[in-house]
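Here is what each chain is made of, one letter per residue.
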Amino acid sequence: MSAISPDYLSHLQAFFAPPAQRGATSAPAAGAEPLLVESRDAGTALAAALRTAQTAEARSRAEVQLLAAAAADLAVAERLAGPSEQVVRGGEDVWALIQTGLTDPDALLRPTLRPARYRGADKDLLAAIYQVLNSIQDATTETISDAITGALTLNMAVLREALKLAGADLRQLLKDLGADAIAALAGEALRKLLALVGEDNLAQIEDIAGQALEKLQEKMAVAAYVGDFLDAEGIYKEGRAMIQAYEGPDRDLARLTPKILALESSFSGRNKLTATLIRLLALVKLIPALKTPPWGPLATASGYILIIGYELYTAHDHVDSDKYAFFDRVEGVRTLVTSIAN
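Conventions adopted
- Residues numbered from 1 in each chain as written.
- Predicted model: local features only at pLDDT ≥ 70, side-chain atom pairs only at ≥ 80, totals over all residues.
- Heavy atoms only, no water.
- Helix = DSSP H or I, 4+ residues; strand = E, 2+ residues; numbered from the N terminus.
- Buried < 20%, exposed > 50% of the residue type's maximum accessible area, 1.4 Å probe, protein only.
- Contact = heavy atoms within 4.5 Å.
- Areas by Shrake-Rupley, 256 points an atom, 1.4 Å probe, with all protein chains shown as cover.
- Phe/Tyr/Trp six-rings, centres within 6.5 Å; stacked < 30°, edge-to-face > 60°.
- Salt bridge = Lys/Arg side-chain N within 4 Å of Asp/Glu carboxyl O.
- pLDDT = per-residue confidence, 0-100.
- Axes fitted to C-alpha atoms, helices over the stretch in contact; angles between N-to-C directions.
- Parallel < 35°, antiparallel > 145°, perpendicular 65-115°, else oblique.
- Left-handed = near helix turned anticlockwise from the far one by under 90°.
- Nonpolar A, V, L, I, M, F, W, Y, C, P; charged D, E, K, R; others polar.
- Expected span 1.5 Å × (residues − 1).
- Core = buried A, V, L, I, M, F, W, Y, C linked by side-chain atoms within 4.5 Å.

1. Details of the overall build of the protein chain
Check the secondary structure of the protein chain and you find 17 helices and two strands. Across the 342 residues of the protein chain, 52% fall into the buried class. Once local pairs closer than 6 in sequence are excluded, the contacts in the protein chain between residues at least 24 apart make up 79%. Carbon together with sulfur atoms contributes 52% to the accessible area of the protein chain, which is approximately 15000 Å² in total.

2. Description of the packing of aromatic side chains
Inspection of the entire model under this criterion finds 11 aromatic pairs. Ring plane angle 75 degrees and centroid distance 5.8 Å describe the contact between Phe-229 and Tyr-313, whose orientation is recorded as edge-to-face. Of the two residues, Phe-229 sits in helix 12 (residues 219–230) while Tyr-313 sits in helix 16 (residues 295–319), which places them 84 residues apart along the sequence. Both residues of the pair, Phe-229 and Tyr-313, belong to the buried class. Relative to Phe-327, the ring of Tyr-313 lies with its centre 6.1 Å away and its plane at 25 degrees, an arrangement referred to as stacked.

3. A look at the pattern of salt bridges
Applying the stated criterion across every chain yields a total of 11 salt bridges. Linking Glu-188 and Arg-191 is a salt bridge whose minimum nitrogen-to-oxygen distance equals 3.0 Å. Separated by three residues within a single helix, Glu-188 and Arg-191 lie in helix 10 (residues 181–197), roughly one turn from each other. Measuring nitrogen to oxygen at the nearest pair gives 3.3 Å for the salt bridge that ties Asp-252 to Arg-255. Taken together, the residues span about one helical turn, with Asp-252 and Arg-255 both in helix 14 (residues 250–284) at a distance of three residues. Accessibility expressed as a relative area gives 29% for Asp-252, which makes it partly exposed. Connected via shared salt-bridge partners are Arg-40, Glu-188 and Arg-191.

4. Observations regarding the confidence of the model for the protein chain
Put simply, the protein chain has an average pLDDT of 88, and 89% of its residues get 70 or more. Predicted confidence is poor over residues 24–30, with pLDDT under 50, and the contacts of this stretch with residues over four places away or in other chains come to seven contacts. This model gives residues 84–92 a pLDDT under 50, and the stretch forms 20 contacts once residues within four places in sequence are excluded.

5. Observations regarding the environment of Arg-251
Here Arg-251 lies in helix 14. Residue class for Arg-251 comes out exposed when judged on its relative accessible area of 52%. The sequence separation of Arg-251 and Asp-122 amounts to 129 residues, and the corresponding C-alpha distance is 9.9 Å.

6. Regarding the packing of helix 4 (residues 56–81) against helix 14
Relative to each other, helix 4 and helix 14 sit at 20 degrees, their axes nearing to 9 Å. The orientation of helix 4 with respect to helix 14, classified from their angle, is roughly parallel. The handedness of the crossing between helix 4 and helix 14 comes out as left-handed. Listed contacts from helix 14 to Ser-60, Glu-63, Val-64, Leu-67, Ala-68, Ala-70, Ala-71, Leu-74, Ala-75 and Glu-78 of helix 4 are Ser-266, Arg-270, Leu-273, Thr-274, Leu-277, Leu-280, Leu-281, Leu-283 and Val-284. Classifying every residue of the contact of helix 4 with helix 14 gives 13 nonpolar, three polar and three charged.

7. Quick look at unusual backbone geometry
Omega for the peptide link from Pro-293 to Pro-294 comes to -5 degrees, which places this bond in the cis form. Examined against the element boundaries, Pro-294 turns out to sit in the loop between helix 15 (288–291) and helix 16. Even without a glycine there, the phi angle at Asp-231 is positive, about 55 degrees. Within the element layout of this structure, Asp-231 appears in the loop between helix 12 and helix 13 (232–245).

8. A look at helix 10
Here helix 10 contains 17 residues, and its C-alpha end-to-end distance of 25 Å stays within 8% of the 24 Å for a straight helix at 1.5 Å per residue. Gly-198 occupies a position one or two residues after helix 10 and carries a positive phi of about 90 degrees.

9. Here's the deal with the nonpolar core
Ranked by size, the top nonpolar core spans 114 residues in total, and within it Leu-12, Ile-98, Ile-129, Ile-260, Ile-308 and Val-333 carry the most contacts. Ranked by residue count, the leading element in this core is helix 4, at 14 residues. Setting aside chain neighbours within four positions, we find Ile-260 in contact with Leu-125, Ala-128, Ile-129, Val-132, Val-333, Leu-336 and Val-337.

10. A few points about the environment of Ala-224
Among the secondary structure elements, Ala-224 is positioned in helix 12. Spatially, the C-alpha atom of Ala-224 lies 8.8 Å from that of Thr-141, the residues being 83 residues apart in sequence.

Next comes the structure, spelled out in structure tokens:
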């Protein structure tokens, strides 16, 4: 994509290539500085692309690329700190996912669900609503549970301190991380996450992440919390009532079904990268520079906070995009269904 330098992409490709393909002069141990500079430039370009995007599709592509670029920063930092020849976690090739996110974000956003065998426009639409709402809620619960588990390995006092960081304080933290090249890569990941959520939205992100961290300890509690936050059941019931009361042409209902189904993939593409960021952060936080107080643990805590806040709000955006005006980037399920009443 034009927002990312071809040189940066080729350098990442070489960095993560198997040893036989890398050659002796391009081993990961060669250093972080070239990739750090290119990463910073990519982050600046992608943040600008997100700010200036005029359509939901353009915003989605920029979000996926920012997530992938942040994951690339953490993957590079982790490998430089403790080289492993294959960046594989849980059977998934992380670099392949990152590369797709950077070079072909549409591949992670492309609809994969198809309407079921036709049973009537109203029944098909209602089934799509139910399927998508449940898919988003289940995926959010799993990802938030993993993020909470990782965050709670940190000292709660550090987490609470990170929750109080204003934008200027967070920028200072990132500057201080720059003293160590590997930690600076983690700092670049945080810059991209901050651009992803929007610095103007940092207070809301910290607030919702704080609620989650204070209240949630077990997976069942996470499921209940996410269920209450997304209100998928309420949105489904409201949608069912609207569909039952609808008296217009079936073709209008039929046109909504693929749009609803596409929201599942739109969220899933983001969620795959968010889940990858959580796994990488769990490894990167063990790097000595990120274990050294005060900036290291604060940086890790800030990473979890930004990820938790983003995951919750982007999930909500996909189910009910109108409720939180500061985070309205797609037309969510409720917004689309409500359109049939207008």
